[in-house]
Amino acid sequence: MNVVLRYAILGFAWFCVGAAVVGVFVPVLPTTPLLLLATFLFGKFSPRCHRLITGSKIHRSYVVPFKEAGGMPVKAKMRMLLISFSVLAVSAALVQKPFVWCILGAVAVFLVYLMVVRIPTVGESDVVRDAEVEAEG
């Protein structure tokens, strides 16, 4: 592969990581899809960067249990909603515009829909058991 193209793709992957970090604080910026895209690109073009991303605490805490158990424990869902609603509330307080409040409200409703309807709830024991099986194998 062309070296310039490889570096351009890796630069774009790091841009996605940076935008995802900003997305933690800006509710309308999609954090998870950007991190997934960066992880995919790193997997194809940089094994070292891929190990860095997949070895992070956040990846081990949220992505691995979801992948292995097929859902999220209630505690993890509540923690994610609490963080998301806190950021949404700060954003609403800082931006005193009804239009923005409507957008933030729609984002909040969508988050609740995702956590309650779309993402299956699994027990803590399912996540721990699957993590132990993975560690053994």
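Please refer to the structure placed before this passage.
Remember, it's a predicted structure, so these values are computed and weren't measured experimentally.

Q: Which residues make up the nonpolar core, and what values do they have?
A: Proteins that are soluble and globular tend to have nonpolar side chains buried together. One finds V17, L34, A38, L41, F42 and F45 to be the most contacted residues of the largest nonpolar core, which totals 14 residues. Breaking this core down by element, the ones donating at least two residues are helix 1 (3-25), helix 2 (31-45) and helix 3 (47-54). Here this core takes 7 residues from helix 1, the largest share from any one element.

Q: Any chance you could break down the side chain of T39 for me, citing the residues and the numbers?
A: With respect to the helices and strands, the residue T39 is situated in helix 2. If sequence neighbours within four positions are ignored, T39 has contacts with H50, I53 and T54.

Q: Describe a nonpolar patch on the surface, naming the residues involved and giving the relevant values.
A: A surface patch of nonpolar side chains, amounting to about 500 Å² of accessible area, comprises V21, V22, V24, F25, V26 and L29. Relative to the assigned elements, V22 resides in helix 1.

Q: Break down helix 5 (residues 74-94) for me, citing the residues and quoting the values.
A: Between the first and last C-alpha of helix 5 there are 30 Å, a value that for 21 residues agrees with the 30 Å anticipated at 1.5 Å per step. Of the residues making up helix 5, those classed as buried are A76, K77, L81, V87, L88 and S91. The buried side chains of helix 5 occupy one side of the element, clustering within an arc of 135° when seen end-on. Among the exposed residues of helix 5, those pointing more than 90 degrees away from its buried face are K75, L82 and L94.

Parameters at a glance
- Residues numbered from 1 in each chain as written.
- Predicted model: local features only at pLDDT ≥ 70, side-chain atom pairs only at ≥ 80, totals over all residues.
- Heavy atoms only, no water.
- Core = buried A, V, L, I, M, F, W, Y, C linked by side-chain atoms within 4.5 Å.
- Buried < 20%, exposed > 50% of the residue type's maximum accessible area, 1.4 Å probe, protein only.
- Helix = DSSP H or I, 4+ residues; strand = E, 2+ residues; numbered from the N terminus.
- Contact = heavy atoms within 4.5 Å.
- Patch = residues over 30% accessible without salt bridge, like charges linked within 9 Å, V, L, I, M, F, W, Y side chains within 5 Å.
- Areas by Shrake-Rupley, 256 points an atom, 1.4 Å probe, with all protein chains shown as cover.
- Salt bridge = Lys/Arg side-chain N within 4 Å of Asp/Glu carboxyl O.
- Expected span 1.5 Å × (residues − 1).
- Arc of directions from axis to C-beta.

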